[in-house]
Amino acid sequence: MRLSTPVKLRELQRKLYVKSKREPEYRFYSLYGKVWRQDVLEQAWRLVRANGGGAGIDGMTIGEAEERIDELLKELQQELRTGQYRPEAVRRVYIPKPDGRERPLGIPTVRDRIVQAAATLVLEPIFEARFEPISYGYRPGRSAADAMERVRMVCHGRPWAIEVDVEGFFDAVSHTRLMRILGRKIADGRVLGLIRSWLSAGIVEPNGHRVNPSCGVPQGGVISPLLSNVFLHMLDRYWRVSGLSKKSGADGQLIRYCDDMLIITGKNPRLLIGLMEARLRKMGLTLNRTKTRIVDLRVEGAQFLGFEVRQLRDRRKGGVWLRIAPSRRAEARIKEKVRHIVNHRRPVALADMVRRVNPVLRGWVNYFRHGNGARSLKRIREYSEFKVRKVIQRRRRYRSFGWHHVSCSTIYDQLGLYNDYTVRPCMSSHESHRKAACGKTARAV
């Protein structure tokens, strides 16, 4: 559910956006008082509550905070006004990745998440006005579908793709460089001090050991996506202003979704990799040569944001067409989730299994339905239906998987299994071109 922004807060964001857009060199001051405004804190709480998440090191959950939210917001407002606010350390957890490794996530306390969300509401319009149109991750009015539409646009006549991987990006962001970049637009020392306090708050490992890193932006923080985009804006701007691709003669088109990057080019892909590596080195980052690879789209597919991008021959009309569909890895992951939830060995009623698996299927399908993934979506539909039939077959002791005993109407109408697997058309070329040129949607920031 999308939360609506209060009118006064929307007006504030619009003024900040317009000012930053019209005066690129302007540095904003007197922002700190806007962070602890009552309407800003209340909207920040609504965003934190909608996002959910676990408790920080203080053990306070979203539900416990909601029971005393009026008192909590007053406390935060008073602490911010008097300068007594001090963030607590971040609780680190490790999430398993598909390749067997673990992804570190940082979970701030609910109190700190509210203040971070309030600061994001004030600061985001300022930087959003300066971001480049090639950036799509964690930005208002932009999504992975927009990024893939941009890929579709630039792939015509460009058969090479470069999958760019930055090694340990979130742990490698230099605090000094980041604060210097923020200082170019923010002149309010108290706001900069607030951000610096979050960066240096410390991290508590699962074993209780506390570390104070001198670099890195913890994944999981509310303000972390904005800080990451601010830092990588140096790369986006250099790509456009300095003509990174033009100097190489490779006509490289960069599409970035936070730290996930794809370069589409017509020639000289190895030269582009060298230029990208040199630029990342100047930013204090390292290009992962092992995972960064060159892909000939005419031979195999490039992987980007869970999609597979490949150029295929049109056997009937001739020529080449671009196929953008869910990757096999993405299909395997959703099947694993469905298999874990809809399992006849679990002592759970089938109706409860269906209620739990429906949001998972809906989220996956809505993410991948824009493109050429009709066959992939059909496979997931058939697989989820098969798992439901298997539970029925095992529990009712049928000899078959229920095709002759249970109709599709029973599964989809009575049990209510998710059934909207329609592939929706992409934006028209005129609309996508206009959006790419403007770099933003018409929606107010």
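Relevant structure appears above.
Residues numbered from 1 in each chain as written. Predicted model: local features only at pLDDT ≥ 70, side-chain atom pairs only at ≥ 80, totals over all residues. Heavy atoms only, no water.

A few words on the overall build of the protein chain. Within the protein chain, the secondary structure is distributed over 18 helices and 11 strands. Since a compact globule built from 445 residues should have a radius of gyration of about 22 Å, the 24 Å found for the protein chain is in line with a globular shape. Its C-alpha atoms give the protein chain principal-axis dimensions of about 70 × 60 × 45 Å. By the burial criterion, 49% of the 445 residues in the protein chain qualify as buried. Across the protein chain, contacts joining residues at least 24 apart in sequence account for 70% of those joining residues at least 6 apart. Of the accessible surface of the protein chain, which amounts to about 22600 Å², a share of 49% is contributed by carbon and sulfur atoms. Each charge class in the protein chain was averaged separately, 86 positive and 45 negative side chains, and the resulting centres sit 5 Å apart. (Helix = DSSP H or I, 4+ residues; strand = E, 2+ residues; numbered from the N terminus. Rg over C-alpha atoms; globule rule 2.2 N^0.38 Å. Buried < 20%, exposed > 50% of the residue type's maximum accessible area, 1.4 Å probe, protein only. Contact = heavy atoms within 4.5 Å. Areas by Shrake-Rupley, 256 points an atom, 1.4 Å probe, with all protein chains shown as cover. Lys, Arg positive; Asp, Glu negative; His and termini not counted. Charge placed at Lys NZ, Arg CZ, Asp CG, Glu CD.)

For the rest of this paragraph, the subject is the environment of Glu300. Examined against the element boundaries, Glu300 turns out to sit in the loop between strand 8 (293-296) and strand 9 (302-304). Judged by relative accessible area, Glu300 falls into the partly exposed class, the value being 34%. Along the primary structure Glu300 and Leu312 are separated by 12 residues, whereas in three dimensions their C-alpha atoms are 9.4 Å apart. In this view, Glu300 contacts Arg293, Val295, Val309 and Arg310; residues no more than four positions away in its chain are not counted. Only 3.3 Å separates the side chain of Glu300 from the side chain of Arg293, close enough to count as a polar contact. (Polar contact = N/O pair within 3.5 Å; in protein donor to acceptor, adjacent residues only side chain to side chain.)

With that out of the way, let us pick up the packing of aromatic side chains. Considering all chains together, one arrives at 10 aromatic pairs under this definition. On the basis of an interplanar angle of 80° and a centroid distance of 4.7 Å, the ring pair of Tyr367 and Phe368 is categorised as edge-to-face. Classification of Phe368 by relative accessible area gives buried; the value is 5%. When the ring of Tyr418 is compared with that of Tyr421, the centres are 5.5 Å apart and the planes differ by 65°; the resulting orientation is edge-to-face. Both residues of the pair, Tyr418 and Tyr421, belong to the buried class. Among the aromatic side chains, those forming a connected cluster through ring pairs are Phe307, Trp364, Tyr367 and Phe368. Seen from the ring of Tyr26, Lys19 lies directly overhead, with NZ or CZ sitting 4.5 Å from the centre. (Phe/Tyr/Trp six-rings, centres within 6.5 Å; stacked < 30°, edge-to-face > 60°. Lys NZ or Arg CZ within 6 Å of the ring centre and 35° of its normal.)

Another aspect to go through is the sheet that holds strand 7 (residues 260-265). Across the sheet, which stays open at both edges, the 4 strands sit in the order 6-7-3-8 with antiparallel pairing between neighbours. On the outer flanks of this sheet lie strand 6 (253-257) and strand 8, each paired with one strand and no other. Averaged over all neighbouring strand pairs, the angle between strand axes comes to 20°, with direction disregarded. Note that strand 3 (residues 160-164) and strand 8 share 4 bridges and pair antiparallel. Within strand 8, the residue paired with Glu163 across the bridge is Arg293. Together, strand 6 and strand 7 form the strand contacts of helix 11 (residues 224-241), whose direction differs from that of strand 6 by roughly 175°. (Pairing = 2+ DSSP bridges. Axes fitted to C-alpha atoms, helices over the stretch in contact; angles between N-to-C directions.)

Buried residues dominate helix 7 (residues 144-154), accounting for 9 of its 11 residues. The complete set of buried residues in helix 7 reads Ala144, Asp146, Ala147, Met148, Glu149, Arg150, Val151, Arg152 and Val154.

The next point concerns the side chain of Asn343. As for its position among the elements, Asn343 is in the loop between helix 14 (328-341) and helix 15 (350-368). A polar atom in the side chain of Asn343 sits 2.9 Å from the backbone nitrogen of Arg345. Leaving out residues up to four positions away in the same chain, Asn343 has contacts with Met353, Val391 and Arg395.

Relative to the helices and strands, Thr109 resides in the loop between strand 2 (102-107) and helix 6 (110-128). Residue class for Thr109 comes out buried when judged on its relative accessible area of 0%. Of note is the side chain of Thr109, whose polar atom sits 3.1 Å from the side chain of Asp112.

One way to put it is that helix 9 (residues 175-183) packs onto helix 10 (residues 189-199) with a least axis distance of 11 Å and a crossing angle of 160°. The angle between helix 9 and helix 10 falls in the class roughly antiparallel. Considering the relative orientation of helix 9 and helix 10, their crossing is right-handed. Here helix 9 contributes His175, Leu178, Met179, Leu182 and Gly183 to the contact with helix 10, which in turn contributes Leu192, Ile195, Arg196 and Leu199. Split into classes, the residues belonging to the contact of helix 9 with helix 10 amount to 6 nonpolar, 2 polar and 1 charged. (Parallel < 35°, antiparallel > 145°, perpendicular 65-115°, else oblique. Left-handed = near helix turned anticlockwise from the far one by under 90°. Nonpolar A, V, L, I, M, F, W, Y, C, P; charged D, E, K, R; others polar.)

With that settled, the discussion passes to the sheet that holds strand 10 (residues 307-313). Ordered by their spatial adjacency, 3 strands build an open sheet running 9-10-11, and the pairing between neighbours is antiparallel. Because the sheet does not close on itself, it has two edges, and the strands there are strand 9 and strand 11 (320-326). Taken over all neighbouring pairs, the strand axes of this sheet differ in orientation by 30° on average, direction set aside. Where strand 10 lies against strand 11, 7 bridges are found, and the strand directions are antiparallel. Looking across to strand 11, one finds that Leu312 is bridged to Trp321. Helix 7 contacts strand 9, strand 10 and strand 11 of the sheet and is inclined by roughly 160° relative to strand 11.

Glancing now at the pattern of salt bridges. One pass over the full model with this rule turns up 25 salt bridges. Its salt-bridge partner being Arg355, residue Asp352 comes within 2.0 Å of it at the nearest N-O pair. Linking Asp352 with Arg355, this pair stays in helix 15, spanning 3 residues, or about one helical turn. Three or more residues are tied together by salt bridges with common partners; here these are Arg68, Glu71 and Glu75. (Salt bridge = Lys/Arg side-chain N within 4 Å of Asp/Glu carboxyl O.)

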